[in-house]
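Take a look at the letters that make up each chain.
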Amino acid sequence: MKGRTTEINTIIGNIPDVTIIEPFELKDGLTKGCISVFVEGLTEAIQFFVEISEQYPFKWHDSETIKFFNSELLDYKHIMEDGSACIHTAHSPVLSKKLNYDIESVKAWIKKYYINRELDTHYEHLIVPRRKFKDACFAYFFNEVDYQFSKNQYGYLDYSTINMGHFHKDRCTSSIIQSFRNKDNKELVEAKWNFQIKSLEKHIGVYIFIENTPSKNNRWIFEKWGDFADILPPDFLKFLHFVEGQFRKNEGAHLPLMIGYKITESEIHWQAVMLEIGNFPIYGEKVNQQWVSQLDKERIIDWAMTRDCSYKYFFGRGKLCDRITESKILMIGVGAIGSIVAKTFVRTGCTKLDFIDFDVKEPENICRSEYSFTTGLNNKTDDLIFELFRISPFFEPIKGGYEFSETFNYFIKSNLSDNQLKSEIEKYLNSYDIIIDCTADNDLLYILSRLNITSSLINLSISNHAKHLICATEQNRYEFITTQFNGSVLEFDTEDLHNPTGCWSPTFKASYNDINTLVQFSIKHINLKMGEKKQLRNFVIETEDQNGFNIKLKEF
Amino acid sequence: MNKSKHLEEVIKTHQITKEKALLDKHIQKKNEVKDALEEKYGTDIYPPFNSGSYAKNTAINTKFDFDLVSPFKRNAFSSSGTLEQMYNDVYDFLYDKYKNEAEVKKQKVSIGMEFYADSDGDVIKIDVVPGRELNQDQYSDDENLNLYVYYKYGNFDAGSERIKTNVKTQINNIKDRATNEKDSIRKIIRLLKVWKNNKGNYPTKSFFLELITIKAFDNNEITGNLWEKLKVVLEFIRDNVTKENFTLKDPGNSSNDLADTLTTYEKQQLSSDMENMLNRIGENDENLKTYFPENQKFKEEVSNKNEYGTNSGIPIPPPKLNFG
């Protein structure tokens, strides 16, 4: 290790504009030293205490293992609470290279945030220390609501616990905010979650909207209740006292307080604080012969974790184009292909999906679809809806149960010759923006091709061994699909089919991986076309397994 | 597969005479609308006439184009009347008269009437195209008309009054070529209409396809069997429609360019559709059936011996090969 310390001193000593103030030494398992860094534009160099961990030059848990501290820089952007600079640097397994990269990053930080005082275009949340409350962590998820809060507005809120898990080694309870009520307990607004989440058991919390950021420097959130002394109005403290009395019988239980403030002109952030019933950070004081609630100013605030789960953040990292996600979608057939399409749609931002399938999920369906074993035999539509609820809090099926599927199937196949009913069926189907037919039911294909459907109707089916995926998007879908499968166009093995035990029709052989590869490829293509507002054309995805996997999309 | 033989069958099963009952219903309804217009506008209107594909000998039986051109006198809507007034007046009249039996809607240059299905389930569609002579009483001499553009039509802006044309010359131009070269031009036009109709709501007008087919024949030595002729026309469209200097002169008014009825994207899409079609058919002849299907309603059943599953003499249904 001594050799490494010497090497560090030598390398850093040779970096231009860097001076070693205190040579690096090994202390408490860390290599520590002090340097000064000069960047053009500074009147004098800035000093940093440097700590290098044993893992260096490798990262540890996504964090750099070198830290540059200067507690006088706390007011600057991207300086952590401990005074360390948050630097974005490059990977190198070579000590000398990595030290050069990291000090270059410190120089870049000085130039950007110290000299130029640049502001980032994206909002930077306040730094909230993660603390346990009574040996556990708590997290609260909120969502934007259609309501304008006024400054100092306070009241009750409903929240529901969605899971009790772990955050690293700590127990962690995650909850969602359901609705806001006024101080007289009258409901003001509900959060936009799906109805399964809305139906969870509700508990009481409180909130106050303070409008301005609870921070002295726009970097770190307040630490002690005393920081709120000039912010929280006496009425609210009185309200807190009342609430504590109201729940006195639950002494020792927790009660969340959400503190709301604006992060942009139109956006509110809520930050949760944990309160313990019987131990609220307030006390009574007699002023002019009257008891008044006062803040326990020295008490540390038990901030809890809070996440904004509004649609734009929930799907902020990636979604399908608006033309798809904003559509009302009907999925007919949720077997292997249909369930994968449905799950992909829900994960990528679609919220309004209805399902039609009268089939029951069997254990052997699970290996290549999006169903789970533990729900046993179950109607596919019910099972899938349950799966999708777990993924997106915004997924909101309107119709999709077994009864609906049976009714649809009966009507569409029985009334093609009745013009009035046919017209009603068309009207119903045209209330959807997109209809995806994954049934591979040629009767249904024929019927759909004879109806006047103005929605985007997309048929998806697959050949044995998932050699091809056929996607029909045009009016000639019936002719297209029947031609492709007439035995003279697409070439694939028609003999090696899977015969399930019992009196079932043979089905195709293909794994989840085989099918999903083709389905995702086709969704990618459809998303691209729709995103560019281009017309969808029928297409076939062909695969070839010789000399590695090859995939090709042919548009018709 | 014999591609030309298949295409001949496509044309045969799409012959308009095979849908005589439906054709008669269209003719009857067209005459009713014509009489209604003449009764309403009296001496302000010249006799309306059909300018659709039936009039041009290029009709197919899966889509009847009945366009009823209604030539108005210059002062029919007062001497200072606008084309917009003419268009709206005709729309108001048709809407009031037919609102209980048809959906009446404003279209690009016409007023579309889609009559609700009758007891046979048949739907009659008639498009009325209001036009106005250029100067009072001049129509009898030159048959020229100004049309009103209701909403954006390719590169023509909504509200534009600049479409001047001679519909009768248009009809005769197509009709003469289609009749004189019925084994080539007429067949190709009908095949392209089958293709377009199969695509659903395709932006390219039938008139555009008629003119571009004629242009392809005028620009190429087109010989060989039906598929070979069709292929040359498809290649011509693929290669030319997106060219900057590509024009399609309206035979009714050479200063009208039909190429302007498509946007740049629509031209690219048309070219790309031609390319895809040629590639797919090139890869496998059977794909021709996807683009040019026979009208199943009039397809003659052929003996299926030697086909799948019939060797034993007992017909076996073909297996299901598409899965979900």
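What you are looking at is a predicted structure, and each value in this text was computed from that prediction instead of being measured.

**Notes on the overall build of chain A**
A count of helices and strands for chain A gives 13 helices and 23 strands. Whereas a compact globule of 556 residues would reach a radius of gyration of roughly 24 Å, chain A reaches 31 Å, over 25% beyond that. Oriented by its inertia axes, the alpha-carbon framework of chain A measures out at about 85 × 70 × 45 Å. Burial analysis of chain A (556 residues in total) assigns 49% to the buried set. Sequence separation of at least 24 residues holds for 62% of the intrachain contacts in chain A that already meet a minimum separation of 6. On chain A, roughly 27,900 Å² of surface is accessible, and the fraction owed to carbon and sulfur atoms is 48%.

**Brief notes about the overall build of chain B**
Summing up its helical and strand segments, chain B has eleven helices and nine strands in all. A compact globule built from 324 residues should have a C-alpha radius of gyration of about 20 Å, and chain B, at 22 Å, falls within 12% of that. Once the C-alpha set of chain B is aligned to its principal axes, its extents read approximately 80 × 50 × 40 Å. Looking at chain B as a whole, 53% of its 324 residues are labelled buried. At a minimum sequence separation of 6, the contacts of chain B that also span at least 24 residues come to 64%. Only carbon and sulfur atoms are counted for the fraction: they give 42% of the accessible area of chain B, which is about 15,000 Å². On chain B, the mean spot of the 48 positive side-chain charges and the mean spot of the 52 negative ones are 3 Å from each other.

**Some thoughts on the packing of aromatic side chains**
Applying the stated criterion to the full structure yields 49 aromatic pairs over all chains. Ring geometry for phenylalanine 404 of chain A and tyrosine 428 of chain A: centres 6.3 Å apart, planes at 70 degrees, overall edge-to-face. Taken together, the residues phenylalanine 404 of chain A in helix H9 (residues 402-414) and tyrosine 428 of chain A in helix H10 (residues 419-429) connect sequence positions 24 residues apart. Residue phenylalanine 404 of chain A is classed as buried on the basis of its relative accessible area of 18%. An aromatic cluster is defined as three or more aromatic residues linked by ring pairs; in this entry it consists of Tyr147, Phe149, Phe180, Tyr207, Phe209 and Trp270 of chain A. Taking NZ or CZ as reference, arginine 368 of chain A lies 3.9 Å from the ring centre of phenylalanine 508 of chain A, over its face. In this arrangement the basic side chain of lysine 97 of chain B is found over the ring face of tyrosine 98 of chain B, its NZ or CZ atom lying 5.9 Å from the centre.

**Notes on the sheet that holds strand E4 (residues 66-69) of chain A**
All names here are of chain A. A sheet is described by the order of its strands in space; here four strands give the open sequence E1-E2-E3-E4, paired in antiparallel fashion. The sheet is open, and its two borders are formed by strand E1 (18-27) and E4, each paired with just one other strand. Neighbour-to-neighbour, the strand axes of this sheet turn through a mean angle of 20 degrees, independent of strand direction. Alignment of strand E2 (residues 30-37) against strand E3 (residues 46-52), held across seven bridges, turns out to be antiparallel. Looking at the pairing, valine 37 lines up with isoleucine 46 of E3. Strand contacts of helix H1 (residues 2-13): E1, E2 and E3, with the helix running at about 170 degrees to E1, the strand carrying the most contacts.

**Comments concerning the domain arrangement of chain A**
Residue and element names in this part refer to chain A. Entries for chain A in the domain assignment read domain 1 (2-115), domain 2 (136-313) and domain 3 (322-555). The C-alpha centroid of domain 3 is placed 45 Å from the C-alpha centroid of domain 2. At the interface, ten residues of domain 2 touch twelve residues of domain 3. Contact between domain 2 and domain 3 buries roughly 840 Å² in total, counting both sides, with carbon and sulfur atoms accounting for 59%.

**What to know about the pairing of strand E16 (residues 352-356) of chain A**
Residues and elements named next belong to chain A. Where burial is concerned, most of E16 is hidden: four out of the five residues are buried. Pairing analysis gives five bridges linking strand E15 (residues 328-332) to E16, with the strands arranged parallel. Looking at E16, one finds that leucine 330 is bridged to aspartate 354. Handedness of the crossover joining E15 and E16 through helix H7 (residues 336-347): right-handed.

**Considering H7 of chain A**
Residues that lie three or four places apart on an α-helix share one face, since the helix turns once every 3.6 residues. The terminal C-alpha atoms of H7 of chain A, which comprises twelve residues, lie 17 Å apart, in line with the 16 Å expected from a rise of 1.5 Å per residue. Note on H7 of chain A: the residue one or two positions beyond its end, glycine 349 of chain A, has a positive phi of about 110 degrees.

**Notes on the interface of chain A and chain B**
Contacts between the two partners involve 38 residues from chain A and, on the opposite side, 27 residues from chain B. Each partner contributes to the roughly 2,600 Å² buried at the junction of chain A and chain B, and carbon and sulfur atoms together form 50% of this total. On the chain A side of the contact with chain B, Gln475, Arg537 and Phe556 of chain A bury the most area, a combined 21% of that side's loss. The tally of links from chain A across to chain B stands at three salt bridges. Ionic pairing is found between aspartate 273 of chain B and arginine 537 of chain A, a salt bridge with its closest N-O pair at 2.6 Å. Summed over the shared surface of chain A and chain B, the result is 16 residue pairs in polar contact (both at pLDDT 80 or more). When residues of the side of chain A that touches chain B are traced back to their parent elements, those giving at least two are H7, strand E20 (456-462), helix H12 (477-484) and strand E23 (550-555) of chain A.

**Quick word on helix H2 (residues 20-41) of chain B**
All names here are of chain B. With 22 residues, H2 extends 31 Å from end C-alpha to end C-alpha; this agrees with the ideal 32 Å at 1.5 Å per step. Here H2 has its buried residues at Leu22, Leu23, Lys25, His26, Lys29, Lys30, Val33, Ala36, Leu37 and Tyr41. Within H2, the buried residues cover an arc of 160 degrees as seen down the axis, which keeps them to one side. For H2, the exposed residues lying more than 90 degrees away from the buried face are Ala21, Gln28 and Glu39. Looking at the buried side of H2, the elements it contacts are strand E1 (49-50), helix H3 (53-56), strand E2 (67-72), helix H4 (83-98), strand E4 (111-115) and strand E5 (125-133). With its phi angle positive at about 50 degrees, glycine 42 sits one or two positions after the end of H2.

**Remarks on the sheet that holds strand E21 (residues 468-472) of chain A**
All names here are of chain A. Reading across from one edge, E16-E15-E19-E20-E21-E22-E23 is the order of the seven strands in this open sheet, with mixed pairing throughout. Looking at the sheet topology across the chains shown, the edges are occupied by E16 and E23. Across this sheet, the average inter-strand angle for adjacent strands is 15 degrees, counted without regard to direction. Note that E21 and strand E22 (residues 539-544) share four bridges and pair antiparallel. Bridge assignment links leucine 469 to a residue of E22, and that residue is isoleucine 541. Contacts from H9 reach E15 and E16 within the one sheet, and its direction differs from that of E16 by about 65 degrees.

**Observations regarding the pattern of salt bridges**
Applying the stated rule across the entire model yields 53 salt bridges over all chains. For the salt bridge of lysine 29 of chain B with glutamate 101 of chain B, the shortest nitrogen-to-oxygen distance reads 3.6 Å. Remark: glutamate 101 of chain B occurs in the loop between H4 and strand E3 (102-106) and lysine 29 of chain B occurs in helix H2; sequence separation between them is 72 residues. The exposure class of lysine 29 of chain B is buried, given its relative accessible area of 14%. Between arginine 177 of chain B and aspartate 218 of chain B there is a salt bridge whose closest N-O contact spans 2.9 Å. Residue arginine 177 of chain B is located in helix H6 (residues 167-180), and its partner aspartate 218 of chain B is located in helix H8 (residues 206-219); the two are separated by 41 residues in the primary sequence. Arginine 177 of chain B gets classed as partly exposed once you look at its relative accessible area, which sits at 21%. When salt bridges with common partners are traced through the structure, they connect Lys59, Glu64, Lys98 and Asp102 of chain A into a single cluster.

**So, the side chain of arginine 74 of chain B**
Residue and element names in this part refer to chain B. Topologically, arginine 74 is positioned in the loop between E2 and H4. As a buried residue without a salt bridge, arginine 74 has its nearest oppositely charged side chain in glutamate 133, at a separation of 7.6 Å. Excluding residues within four positions of it along the chain, arginine 74 makes contact with Ser79, Gly81, Arg132, Glu133, Leu134, Asn135 and Gln136.

**Focus: the packing of H6 of chain B against helix H7 (residues 182-198) of chain B**
A pair of packed helices can be characterised by two numbers: the angle between their axes and the separation between those axes. All names here are of chain B. Orientation of H6 relative to H7, taken along the N-to-C sense of each, is 125 degrees, at an axis distance of 5 Å. The angle between H6 and H7 places the two elements in the oblique class. Listed contacts from H7 to Ile174, Arg177, Ala178, Thr179 and Asn180 of H6 are Lys182, Ile185, Arg186 and Ile189. Among the residues forming the contact of H6 with H7, the class breakdown is four nonpolar, two polar and three charged.

What counts and how
Residues numbered from 1 in each chain as written. Chains lettered and ligands numbered in written order. Predicted model: local features only at pLDDT ≥ 70, side-chain atom pairs only at ≥ 80, totals over all residues. Heavy atoms only, no water. Helix = DSSP H or I, 4+ residues; strand = E, 2+ residues; numbered from the N terminus. Rg over C-alpha atoms; globule rule 2.2 N^0.38 Å. Buried < 20%, exposed > 50% of the residue type's maximum accessible area, 1.4 Å probe, protein only. Contact = heavy atoms within 4.5 Å. Areas by Shrake-Rupley, 256 points an atom, 1.4 Å probe, with all protein chains shown as cover. Lys, Arg positive; Asp, Glu negative; His and termini not counted. Charge placed at Lys NZ, Arg CZ, Asp CG, Glu CD. Phe/Tyr/Trp six-rings, centres within 6.5 Å; stacked < 30°, edge-to-face > 60°. Lys NZ or Arg CZ within 6 Å of the ring centre and 35° of its normal. Pairing = 2+ DSSP bridges. Axes fitted to C-alpha atoms, helices over the stretch in contact; angles between N-to-C directions. Domains from an automatic or database assignment. Buried area = accessible area lost by both parts, 1.4 Å probe. Right-handed = clockwise from strand over helix to strand, strands pointing away. Expected span 1.5 Å × (residues − 1). Salt bridge = Lys/Arg side-chain N within 4 Å of Asp/Glu carboxyl O. Polar contact = N/O pair within 3.5 Å; in protein donor to acceptor, adjacent residues only side chain to side chain. Arc of directions from axis to C-beta. Parallel < 35°, antiparallel > 145°, perpendicular 65-115°, else oblique. Nonpolar A, V, L, I, M, F, W, Y, C, P; charged D, E, K, R; others polar.

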